[in-house]
Amino acid sequence: MAFHLFKKSTEPRPIFAALGTDMHCHLIPQVDDGSKCIEESIDCLRTLQAVGYKKVFVTPHFCSRFPNEEDDIKQRYEQLCQVADAAGITIEMAGIAGEYRVDSIFRARLDSPRFFQVAGKYVLIELSLHQQMMDADDLIFDMQTRGYDLILAHPERYPYLNIDGPRIEQFLNQGILLQVNILSLGGFYGEEARRRAFAIIERGWVSFLGSDTHNTLYCQALRDLSRSRKIEKLLEKHQFMNNTL
Ligand SMILES: [Fe+2]
């Protein structure tokens, strides 16, 4: 029928094949504020596949709210891989990393280092989303003096981090790599985060894009964004390091 000829497609498009690897998502079920069950994780993996990803690192939170244990995370990850395989998921499960919040329990982790790293190379860190922690810069500096290469997750989402101020440039000068959330570009976290995400990408400051997928709500937003010509153009214009992982 003619109606169908003019109906706008709602199918996801594989535009994130340009990145290849998703290095930030919360798909180990029931360990943080991400996926609530293994079925939801599998649904999310199907979406990551549908929008073009070939490889994924899962990055559970490690913070005072979610003080995860490494052995438990490993066990749950193995189970996820088995179920994904049985469900016919073809995206490569590339391993566990962590999203480490620089908070009150971070110092203890630093004193007895145990970090799941992205591709065995980088520690993904995040700051408080609400207020600047007083000794965050000291902890970050301590990490670096111990030889860790750092990626700062979603700098566009910290309202107190002025993207026109000295602190973010200081991070860059210290060799900290920045990762923007893809969904920020679609306004998922509000207009201010969207504006800041585009601005720092345009300045060439951003090394990685991450989906930061937590659940099926994020997946729907990711599928919607995969049909955006603007995002496709951005991926053509800018080089990111995701495909080096
Ligand atoms: Fe995250």
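Rules used throughout
Residues numbered from 1 in each chain as written. Predicted model: local features only at pLDDT ≥ 70, side-chain atom pairs only at ≥ 80, totals over all residues. Pairing = 2+ DSSP bridges. Helix = DSSP H or I, 4+ residues; strand = E, 2+ residues; numbered from the N terminus. Buried ≥ 20, exposed ≤ 12 C-beta atoms within 10 Å, placed from the backbone. Arc of directions from axis to C-beta. Contact = placed C-beta atoms within 7 Å.

Strand order across the open sheet formed by three strands is 1-2-4, with parallel pairing between neighbours. The open sheet has two edge strands with one neighbour each: strand 1 (21-22) and strand 4 (92-96). In this sheet, strand 4 lies alongside strand 2 (residues 55-58) in parallel orientation, the contact comprising four bridges. Across the sheet, residue K55 finds its bridge partner in strand 4, namely E92.

Buried within helix 8 (residues 216-225) are the following residues: Y218, C219, L222 and L225. Down the axis of helix 8, the sector holding all buried residues measures 125 degrees, keeping them to one side. Opposite the packed face of helix 8, turned more than 90 degrees from it, sit the exposed residues L217 and Q220. Looking at the buried side of helix 8, the elements it contacts are helix 2 (38-50) and helix 9 (229-237).

Turning to the sheet that holds strand 8 (residues 177-181), a few remarks are in order. Taking strand neighbours across the sheet as the criterion, the six strands line up as 3-5-6-7-8-9 in an open arrangement whose pairing is parallel. Since the sheet does not close on itself, it has two edges, and those belong to strand 3 (61-62) and strand 9 (206-210), each with one partner.

Remember that the coordinates give geometry; whether it matters functionally is a separate question.
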